[in-house]
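# Close look at the chain arrangement
Letter by letter, the chains look like this.
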Amino acid sequence: MCGIVGYIGKKNAVPLLIEGLKALEYRGYDSSGISVIDKKIETIKASGKIVNLIDKLFKRPINGNIGIGHTRWATHGEPNEINAHPHQSREVAIVHNGIIENAKEIEAFLAKNGYKRKSQTDSELIAHLINYFYNGNLLNACLKAVHMLNGSFAVGVICRREKKLIGIKYKSPLIVGIGNGENFIASDVAPLLPYTNRFLFLEDGEIAEIDEDNIRIFDFRGSEVKKDISTVDWTKEQAEKGGYKHFMLKEIAEEGDAVRNTLLGRIDDNISLEEELKWNGKFINNINKVVLVACGTSYYAALVGRYILQNVAHIPATAEVASEFRYENILLDRNTLFIVISQSGETADTLESMSYAKSQNIPTLSIVNVQGSSIARMSDYVLYTHAGPEISVASTKAFVSQLAILYLFTLFLSRTKRTLNNQQLKDYTEELLKIPDKINETFEINLQKVQNIAPYYSQFKNYLYLGRGILYPIALEGALKLKEISYLHAEGYAAGEMKHGPIALIDKTTPSVFLIPPSPLLLNKTLSNIKEVSSRKGEIIAVATDKYEKIEDAGLVLTTPSTDLIFSPFLYIVPLQLFAYSIANYLGYDVDHPRNLAKSVTVE
Ligand code: AGP
């Protein structure tokens, strides 16, 4: 998820673009750049934070009253200066937020017409494509280019020969800000609030042709579109959170898109990871064990990964806590694949665990959200999640994105090792593709419900979270969410373990949160656990799909759309995240910055 801003008017665009990028830094912060038109296109770019770009501009000032700016969250290509935006191609410069799925095809087309990509990004191809079609009319060139692009793209375009600013929107956000004698484009309202509160919100398949006094909107067929002006009365900070009170709630709301973007380009008729991993059949067939290592929430994702690798791909797998694994000196079999999972890509214990595996010449694969992070750079192979920047300390959208990669990887191994037949593969893949919408639906179903019950459930000091099988890691993760942001004690436990000790804790002061497996086989066992608790006056909260929501002893049932047991982790974690959020919010805590915690534990 990157940040885009553009300006056309009578002022020098540079200070406006820089202030705009600062307001967008939460959308991505691994590199940035601006381009302005001052007779020709002048571009300054820098890796790292925006302050580095400001330093470069100080040393080499540029001016122009038409310009575009970009702060990057790398999805394709290392976070360095050459990959930073804007990307220029002769007459035009562009900034892009999104993923071009058919980049290879576009690159081949451009190569045949004399264009050679300089960066590793898919975005640069958009600049070349628009320049290829440019013949004196920028709007027409853009209209031709967009018909060749697949994927998601919000694009800002300027051209040295025209006093125009173009904004293109398709499956990535882009808005037009309306000023007096000046106009703007941006990824969202935050960067424009100092200048205007009047906006045109572009829909997918729309393109805006803008000059300092006029704004015309067209659909991709070139037909003009009339749009109403919207006004927004947010503060800048509210705008950065998309109107949500905390980043955590915004990031839970983004989980469906985070999973969708992580799957994007990796599933066509089949799960296709060969190209991204550059693995051959021999390497894959040699893998006879998988060891997954991580910390915290990422470890709970690893536990889900272990479960599906063993039960779906029938590959022996273990999941280890990094801070324990790294001191055990386990002898790793040479046909082991070592997988580390980390949102930040900087967690010290995880990094050290991977170093240990590498010292034994074991192939290492990392599942990471931050492009170019230490763990990503050190691993032999990397599969990036595309969750976008996760600002809140409590990990939410990164977690479901890690699950998405683990399911993709499991189905990929199952296909290559033939542990699933074609029909099973097809069924699993079809359900995986439905998960983003089901996550969004789960969010909508439960958001208001958890806010209504927060006053009551915030008065309890201890909770038990109970799950079986693939839902046991979700019980652990749900308990962690409540612990880390509401400071209430919560313990995740295997439901079948209740009678081996934890049931001694049950009385009316300790609610039990049961994850009801959407599986007739496991359901009855869990219902009998519930009976054991309710007969001891224990409060019951249940999470269940809408097919199993009639849980008579539960004082609260948080429901999800129906799905297979194997995919239930994606959906069941959402009500638990919302439950924790609503209690912490009701208690008035700093949800995004919980006490004693940091977003990335880079120390041991
Ligand atoms: C999760 O909500 C916590 N913030 C924490 O447990 C986190 O998952 C853990 O520190 C691992 O971080 P990583 O994924 O960046 O390696």
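Located above this text is the structure these notes cover.
A brief report on the enclosed structure follows. Bear in mind that the values here come from a model prediction, so they are computed numbers and not experimental data.

### Focus on the pattern of salt bridges
For the coordinates displayed, the defined rule picks out 30 salt bridges. Of the charged contacts, one joins Arg266 and Glu276 as a salt bridge, the two residues approaching to 2.5 Å between their closest N and O atoms. Placement of the pair is Arg266 in the loop between α8 (255–263) and α9 (274–277) and Glu276 in helix α9, with a sequence separation of 10 residues. A salt bridge links Glu477 to Lys481, with the shortest nitrogen-to-oxygen separation between them at 2.6 Å. With Glu477 and Lys481 both in helix α17 (residues 472–486) and four residues apart, the pair spans about one turn of that helix. Glu477 gets classed as buried once you look at its relative accessible area, which sits at 0%.

### What about the packing of α8 against helix α16 (residues 422–457)?
Two elements in contact, α8 and α16, have axes whose closest approach is 7 Å; the angle formed by their N-to-C orientations is 165°. The orientation of α8 with respect to α16, classified from their angle, is roughly antiparallel. Considering only the axes of α8 and α16, their crossing is left-handed. Facing Glu255, Gly256, Asp257, Val259, Arg260 and Leu263 of α8, the residues of α16 in contact are Leu432, Ile435, Pro436, Asp437, Ile439 and Asn440. In terms of residue class, the contact of α8 with α16 is made up of six nonpolar, two polar and four charged.

### Examining a nonpolar patch on the surface
Judged by side-chain polarity, Tyr586, Leu587 and Tyr589 come together as a nonpolar surface patch covering roughly 270 Å² of accessible area. Among the structural elements, Tyr586 can be located in helix α19 (residues 568–586).

### What about the site of the ligand?
Close to the ligand lie 14 residues; Ser298, Ser342, Ser344, Thr347 and Glu484 are nearest. Considering the ligand on its own, with 410 Å² of exposed area, one finds that the protein chains cover 91% of that surface. Every element with two or more residues in the shell around the ligand is listed here: α11 (296–311) and α17. Ranked by residues supplied to the shell around the ligand, first place goes to α11 with three residues. Residues that form the shell around the ligand fall into these classes: four nonpolar, eight polar and two charged.

### Structural notes on the environment of Ile583
Of note, Ile583 is situated in helix α19. The spatial distance from the C-alpha of Ile583 to the C-alpha of Met378 is 39 Å, given a sequence separation of 205 residues. In contact with Ile583, other than residues within four places in its own chain, are Ala454, Tyr457, Ser458, Tyr463, Leu482, Ser486 and Leu488.

### Topic: the nonpolar core
Counting residues in each nonpolar core, the largest one holds 96 residues, and the members touching the most others are Leu292, Phe409, Tyr463, Tyr465, Phe570 and Phe579. Setting aside its immediate chain neighbours within four residues, Phe409 contacts Leu273, Leu277, Trp279, Leu309, Leu337, Ile339, Leu365 and Leu383. In this structure, Val92, Ala103, Ile126 and Ile168 belong to the second largest nonpolar core, which totals 31 residues.

### Focus on the sheet that holds strand β12 (residues 206–210)
One open sheet holds the seven strands; their spatial order is β5-β6-β7-β8-β12-β13-β14, and the pairing between them is antiparallel. With one partner strand each, in any of the chains shown, β5 (87–89) and β14 (224–225) form the two edges of the open sheet. Bridge count between β5 and strand β6 (residues 92–100): three bridges; the pairing is antiparallel. Along β6, the bridge assignment pairs Gln88 with Ala93. The strands touched by helix α4 (residues 123–133) within the sheet are β5, β6 and β7 (151–159), with β6 carrying the most contacts at an inclination of about 130°.

### Examining the environment of Lys11
Inspection of the secondary structure puts Lys11 in the loop between β1 (3–8) and α1 (13–24). For the pair Lys11 and Ala319, spaced 308 residues apart in the sequence, the C-alpha separation amounts to 57 Å. Setting aside anything within four residues of it in sequence, one finds Lys11 in contact with Leu16, Gly64, Asn65 and Glu182. A distance of 3.0 Å separates polar atoms of two side chains, one belonging to Lys11 and the other to Glu182.

### Description of the pairing of β6
In terms of burial, β6 is largely enclosed, as nine of its nine residues are buried. Here β6 shows no split at all, with Val92, Ile94, His96, Gly98 and Ile100 on one side and Ala93, Val95, Asn97 and Ile99 on the other all buried. Between β5 and β6, which pair antiparallel one after the other, the connecting turn spans two residues, and Arg90 there sits at a positive phi close to 50°. Here β6 pairs with β7 via nine bridges, running antiparallel. Residue pairing for β7: Val92 is matched across the bridge by Cys159.

### Considering the sheet that holds strand β21 (residues 462–467)
Reading across from one edge, β22-β21-β23-β24-β25 is the order of the five strands in this open sheet, with parallel pairing throughout. Edge strands, defined here as strands with exactly one partner in the open sheet, are β22 (489–494) and β25 (556–560). Between one strand axis and the next, the sheet turns through 20° on average, direction left out of account. As judged from the three bridges shared by β21 and strand β23 (residues 512–515), these two strands associate in the parallel manner. Looking across to β23, one finds that Tyr465 is bridged to Val513. Sheet contacts for α19: β21, β23, β24 (540–545) and β25; angle to β24, the most-contacted strand, approximately 145°.

Thresholds applied
Residues numbered from 1 in each chain as written. Predicted model: local features only at pLDDT ≥ 70, side-chain atom pairs only at ≥ 80, totals over all residues. Heavy atoms only, no water. Salt bridge = Lys/Arg side-chain N within 4 Å of Asp/Glu carboxyl O. Helix = DSSP H or I, 4+ residues; strand = E, 2+ residues; numbered from the N terminus. Buried < 20%, exposed > 50% of the residue type's maximum accessible area, 1.4 Å probe, protein only. Axes fitted to C-alpha atoms, helices over the stretch in contact; angles between N-to-C directions. Parallel < 35°, antiparallel > 145°, perpendicular 65-115°, else oblique. Left-handed = near helix turned anticlockwise from the far one by under 90°. Contact = heavy atoms within 4.5 Å. Nonpolar A, V, L, I, M, F, W, Y, C, P; charged D, E, K, R; others polar. Patch = residues over 30% accessible without salt bridge, like charges linked within 9 Å, V, L, I, M, F, W, Y side chains within 5 Å. Areas by Shrake-Rupley, 256 points an atom, 1.4 Å probe, with all protein chains shown as cover. Near = heavy atom within 4 Å. Core = buried A, V, L, I, M, F, W, Y, C linked by side-chain atoms within 4.5 Å. Pairing = 2+ DSSP bridges. Polar contact = N/O pair within 3.5 Å; in protein donor to acceptor, adjacent residues only side chain to side chain.

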